[in-house]
Amino acid sequence: MERGEYRQAIAHYHRGIRSLVPDFKSDRPEDHPQHARHWCAHKPILLTLLRSKARAYLQWHEDPADDRQPQALQMAYRGYQNLDTLLTKIRQNLPSAEARYALIEQAIPTYERAIQVALALYEREGKPEDLERAYQFCVKNKALIFFEGQQEEDARYAGVPPSLIQREAQLQAACIRAETALYDQEIGQLTAPRDSLVRDLFQRRRAHEYLIQQLERDYHRYFELKYAYAQEVVVADLRAALPADALLIEFFVGAEQLFVFPLSLERGLDYGIRAIGPDFEQHCLRFRRLSSAEKLDPSAERAYQELAQGLYETLLAPQLVEASEQRLFIVPDGLLLQISFDNLLYRKAEVGQVLPYLVRKYAISTAYSSRLFFEGPEVEERLGAEAYFAGFGLTYDEATLRALREWQENKGLEGKEIPSLGPLIYSPGEVRELAELLGGDYWIDEAAERYQILHLATHGLEVAAKPLNSALAFSQTPAEPDFLLRAADLYPLSLRADLVTLSACDTGYGKLSKGEGIQSLARAFAYAGSPS
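Bear in mind that the values here come from a model prediction, so they are computed numbers and not experimental data.

(A) Region of the structure containing the overall build of the chain. For the chain, the helix and strand inventory stands at 19 helices and 15 strands. For the chain, the proportion of its 532 residues judged to be buried stands at 50%. Within the chain, contacts between residues at least 6 apart in sequence are counted, and of these 70% link residues at least 24 apart.

Right under this line is the structure:
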């Protein structure tokens, strides 16, 4: 393609695709395999060829010296739609975390190009469905990364029996073996009758489909995380679900560009594109470090304010210039999962005045997926909360602190400097003041009941290497010797709280794996049913 021979390159990729999908017979380069009907034994290779073909069409469109193919952009668009379907199919059948990470290496840049192409079509033709498709690509990428890499562990915590997970893995492997057998028969390496192999593949796929239906019926949360992301979010439904005073802002962080999709009930869906330079990552990480510091010297304070206002200008300012909404629903992506949007500054700070934190101007909620704001059976369950606010504070007696230190030394923080944990002398006052402000109840070193808002003022323990072991520390008693609430313990729970505030160290931080999001206590609370 470096010589501008796009037609020849596309034809070359198309021949490779046909060789991998024997029952795909079309010799028209603009056609693509139908992944629900055609079979392929080597999907990762097929993914590479389809991506190269779509990229060739995009480069053909972008070449100012070649205007012989006015439909190149449309062909690239169709190619990325086909890639989206194939990525979903591959993701659902990968056997290991290592294989999923390898897929993500291709998926994230693929969705970045797909968004770029859909927005270019929208700019050229002005069709709302192209803008919606760009947003769908963003949502689909987010849904892919929301599913945990530690798949089998998550299934266990979601209450799925190990025998069912084993059956799922067996059916996935059987489908792959049946597709491989068909391919081997097509190229002459297997002498079995083709009709028999086709029938076997059909039966394997049907059995897998029945199992998926059972998971949807009996283990809805697991189904939502693993399979429901293949279903598209209907923008009209999402818009209708938004409160009139709320603005949804969803991000996609690419290699060189940041895509922003604001959605409101009044104005509908829009988009923005920001160029991000090589220092964007460092700015985000430094902002996180400064936000977490207990005390800042004057130089660090100035740096914090510059970063907080600069990130606000990059991430949110264009969407909020004319916004009349009072609430922000934010769906971050990539590095943005690690920063606190509440702590951004919406204007330059005046000397001697209170810092203009964004949270002083807007009520802000964040989630890993737009679906978590408005969808899922947990919405009805949360309405069953028995009261409004509960504050829960711990002071920690010496026996509990001693057990905490033993846990740190023996189990949780290998190779990491152990923080010093002492009594939380301000915890009682913190929860008491909030209960008085919100008109709720509070407990100090006691058990709480079911409330819409939970405020937990405790010690938090981060285990970066094994994030499902990150925990909140409660009081150790003879009746309750296990005083840690681990992230893993939260997965099978059904919380009825609309808001959980974790007033503890490191609860929002965790392992940030490319393509997997942050595995943290905050994420575990979201999985258990709390949207904020």
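More follows now that the structure is in view.
(B) Structural view of the pairing of strand β4 (residues 272-275). Along β4, the buried face is formed by Gly-272 and Arg-274; none of Ile-273 and Ala-275, which line the opposite face, is buried. Note that strand β2 (residues 257-264) and β4 share four bridges and pair antiparallel. The residue of β4 that forms the bridge with Val-260 is Gly-272.

(C) Region of interest: the packing of helix α1 (residues 6-20) against helix α2 (residues 43-62). For the pair α1 and α2, interaxial distance at closest approach is 9 Å and the crossing angle is 160°. With respect to each other, α1 and α2 are oriented roughly antiparallel. Helix-helix and strand crossings are classified by hand; for α1 and α2 the assignment is left-handed. Contact residues: Tyr-6, Arg-7, Ile-10, Tyr-13, His-14, Gly-16, Ile-17 and Leu-20 in α1; Ile-45, Leu-46, Leu-49, Leu-50, Ser-52, Lys-53, Ala-56, Tyr-57, Gln-59 and Trp-60 in α2.

(D) A look at the environment of Leu-50. Relative to the helices and strands, Leu-50 resides in helix α2. Aside from chain neighbours lying at most four places away, what touches Leu-50 is Ile-17, His-32, Pro-33, His-35, Asn-82, Leu-83 and Leu-86.

(E) Highlighting the sheet that holds strand β11 (residues 471-473). Taken in spatial order, the three strands line up as β10-β11-β12 in an open sheet, and their pairing is antiparallel. Where the open sheet ends on each side, the last strands, each with one partner, are β10 (459-461) and β12 (484-486). Ignoring which end each strand starts from, the neighbouring axes of this sheet average 25° apart.

What counts and how
Residues numbered from 1 in each chain as written. Predicted model: local features only at pLDDT ≥ 70, side-chain atom pairs only at ≥ 80, totals over all residues. Heavy atoms only, no water. Helix = DSSP H or I, 4+ residues; strand = E, 2+ residues; numbered from the N terminus. Buried < 20%, exposed > 50% of the residue type's maximum accessible area, 1.4 Å probe, protein only. Contact = heavy atoms within 4.5 Å. Pairing = 2+ DSSP bridges. Axes fitted to C-alpha atoms, helices over the stretch in contact; angles between N-to-C directions. Parallel < 35°, antiparallel > 145°, perpendicular 65-115°, else oblique. Left-handed = near helix turned anticlockwise from the far one by under 90°.

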